[in-house]
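Chain residues, written in single-letter form:
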Amino acid sequence: MGIESLLIFLLIGAIAGWLAGLIVSGFGFGLLGNIIIGILGAVIAGYLFPALGFSLGGGILAAIVHATIGAILLLLLIRVIKRA
């Protein structure tokens, strides 16, 4: 993985984590927290979407939407576990 790919990877993770934080909690989690949540969300969606036969297409915008949906699912799961 080149440096450009790594930067795009981190940028998509940061944007996805920030968007998911805004949607679920109403605020972000800081730069590092947003990146971690976004990357974990992308991993979750990367396993979940193909299993359901769901695809958003390709490109950076699709990757951000994909990772954001996964991050939202992650944050909702964390919220449910914290309340239990």
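Sequence order as written defines the numbering, with residues in each chain counted from 1. Owing to the predicted nature of the model, reporting of local features is limited to residues with pLDDT of at least 70; listing and counting of side-chain atom pairs is limited to 80 or more, with chain, interface and lining totals taken over all residues. Side-chain measures were taken over the full set of non-hydrogen atoms in the model, leaving aside hydrogen atoms and water.

Draft legend 1. Main features of the nonpolar core. Residues Ala 20, Val 24, Ile 37, Ala 71, Ile 72, Leu 74 and Leu 75 constitute the largest nonpolar core, which totals seven residues. In this text, helices come from DSSP runs of H or I with a minimum length of four residues, and strands from runs of E with a minimum of two, each type numbered from the N-terminal end. Going through the elements one at a time, α1 (3–24) and α3 (60–83) are the ones with two or more residues in this core. With four residues, the single largest contributor to this core is α3. For Leu 74, the contacting residues outside a window of four places in its chain are Ile 37, Leu 40 and Ile 44. By nonpolar core is meant a set of buried Ala, Val, Leu, Ile, Met, Phe, Trp, Tyr and Cys residues that side-chain atoms within 4.5 Å join together. Partly exposed residues are those whose accessible area sits between 20% and 50% of the maximum for their type, while under 20% is buried and over 50% is exposed, using a 1.4 Å probe and protein chains only. In what follows, residue pairs with any heavy atoms lying within 4.5 Å of each other are defined as contacts.

Draft legend 2. Fine view of the environment of Ala 67. By the element assignment, Ala 67 lies in helix α3. In this structure, the C-alpha to C-alpha distance between Ala 67 and Gly 13, residues 54 residues apart in sequence, is 7.1 Å.

Draft legend 3. Seen up close, the side chain of Thr 68. Within the secondary structure, Thr 68 is located in helix α3. Of note is the side chain of Thr 68, whose polar atom sits 2.6 Å from the backbone oxygen of Ile 64. Polar contacts, as used here, are pairs of N or O atoms within 3.5 Å; protein pairs need one atom able to donate a hydrogen and one able to accept it. Residues neighboring in sequence count only if both atoms are side-chain atoms.

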